[in-house]
Amino acid sequence: MTISHWARPHSFTSQDVTTDIVVVGGGYAGLSTAYWISEYRPDLKITVIDRGQCGRSASGRNAGFLTKGSASFYKGLTEKWGNETALNIYKFASESLELVHQNILKSSPEIKFERTSSMTLFQNETYFKNWQNPAFDPASFEFNWKNDSKLSPGLKSKYFGSFENAPEYKINPWQLMDSLKKLLTSRKIQIIENLSGFQMTEEGIKTEVNTIKAKQVVLALNGYFPEFDSVFKSLITPQRAQMLAVELEDELDCPGLYYDTPERVYWRKVDEKVLVIGGKRLLDAENEVGDFEKLSIKIQAGLEDYLKTQLHLKYKVIHRWSGIMGFTEHELPIISKIEAPVDAYMLGGFSGHGMGLGFRSGQEMAELVTGVKKDSFFDLIKSIKIKLC
């Protein structure tokens, strides 16, 4: 998104900004990176720029799951990377949630959050049996099995059972982003919104009106990396996620966060009357690739069908929306130094797991930028080489 000349307050002079570190991208990962850099090096001047409003993209358009991820996610990681690596990623995600809780949620009374658990649901015994793999032990990831009789009243008879994991959190992502912004502002971190960075130079980042002169640059663009430079197209693919909010006519007793993996669906109640559901992107997968937000008729219909046929709900639609995520081939984020005209780094490609992994990933990036470590956790899993001229 760019801002037209007519919509932007302006003067006849646009002064350059001089800073030590500029973070390009004011989403959850970008703001988290700025937070952790200020923890390690409070002496540094940090500037964050965003082409719109911080958190307006995927960070503020998700379902409000602050979760380590589903049992199916870790099963897939085990099959692809092996048990040890999958367990280390689980530990990384667990640390991320705990760090958010300790550093932001507990000290921010304006954030509405709820400590809960996530459930990986199975509709029938056949799918559950076909899903199992001897290489994957759910118990080692702290996923505990609950059969139909132990599910919450609203789910009994609708599912065969589920794997439960806790502690995790329901959050309002907008409140989380606002609190993080306020925290950064209190640390004298400069946040400039409605400013697009479009070129990296030896001086730092060239924007549409000036240059942000910086010794170091962090690109935290997630699904918008390919738009910044075509060199990123082979690494990160932007994909939409469709969301739907409904007002329930009847009560539904289900307090957790829910994944239905074969349906590619995730959902939760926001309060007694409102339920948010997302997913179903395989119904229109080809048309969901892209970095602009739009509604998919097929997917929105699929989400409604799930509410009717699986959850047997009567409801009124109150909101439909979409957001842009960045996917990598290995479905893990890239946190890495890159070759560029200036000392530069990239952070993105969370593949739908940004809220769970983002805060700890920001810490990883801060440790790279400040020299605490030479390689990030995820860079060790899948090394990359990017040259940005």
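Use the structure listed above.
Remember, predicted model here, so these are calculated numbers, not experimental data.

Re the overall build of the protein chain
Here is step 1 of the chain: The helix and strand tally for the protein chain stands at nine helices and 19 strands.
Here is step 2 of the chain: Taking 389 residues into account, the globule formula puts the C-alpha radius of gyration at 21 Å, and the protein chain, at 21 Å, falls close to it.
Here is step 3 of the chain: Dimensions of the protein chain, computed from the C-alpha atoms along their principal axes, are close to 65 × 45 × 40 Å.
Here is step 4 of the chain: The proportion of buried residues among the 389 residues of the protein chain is 57%.
Here is step 5 of the chain: Here the analysis covers contacts within the protein chain between residues at least 6 apart in sequence; of these, 76% occur between residues at least 24 apart.
Here is step 6 of the chain: Charged side chains in the protein chain number 47 positive and 48 negative. The centres of these two groups are separated by 1 Å.

Some remarks on the layout of surface pockets
Here is step 1 of the chain: In this structure, the second largest pocket spans a volume of roughly 600 Å³.
Here is step 2 of the chain: Lining the second largest pocket we find 30 residues, and of these Ala63, Ile171, Arg268, Val270 and Val276 sit closest to its centre.
Here is step 3 of the chain: Those elements that place two or more of their residues in the lining of the second largest pocket are β5 (113-122), β7 (161-171), α5 (173-186), β15 (265-269), β16 (274-279) and β17 (315-327).
Here is step 4 of the chain: Tallied by class, residues from the lining of the second largest pocket come to 14 nonpolar, six polar and ten charged.

Here's the deal with the pattern of salt bridges
Here is step 1 of the chain: The full count for this structure, using the stated rule, is 23 salt bridges.
Here is step 2 of the chain: The salt bridge involving Lys337 is made with Asp343; its shortest N-O contact spans 2.2 Å.
Here is step 3 of the chain: Among the residues examined, Lys337 registers a relative accessible area of 46% and is labelled partly exposed.
Here is step 4 of the chain: Connected via shared salt-bridge partners are Glu95, Arg360, Glu364, Glu367 and Lys373.

Quick notes on the rules
Residues numbered from 1 in each chain as written. Predicted model: local features only at pLDDT ≥ 70, side-chain atom pairs only at ≥ 80, totals over all residues. Heavy atoms only, no water. Helix = DSSP H or I, 4+ residues; strand = E, 2+ residues; numbered from the N terminus. Rg over C-alpha atoms; globule rule 2.2 N^0.38 Å. Buried < 20%, exposed > 50% of the residue type's maximum accessible area, 1.4 Å probe, protein only. Contact = heavy atoms within 4.5 Å. Lys, Arg positive; Asp, Glu negative; His and termini not counted. Charge placed at Lys NZ, Arg CZ, Asp CG, Glu CD. 1 Å grid on protein atoms, 1.4 Å probe; cavity = no way out; pocket = protein on both sides within 12 Å on 5 of 7 lines; lining within 4 Å. Points joined across faces, edges and corners; volume = space filled by probe spheres on them. Nonpolar A, V, L, I, M, F, W, Y, C, P; charged D, E, K, R; others polar. Salt bridge = Lys/Arg side-chain N within 4 Å of Asp/Glu carboxyl O.

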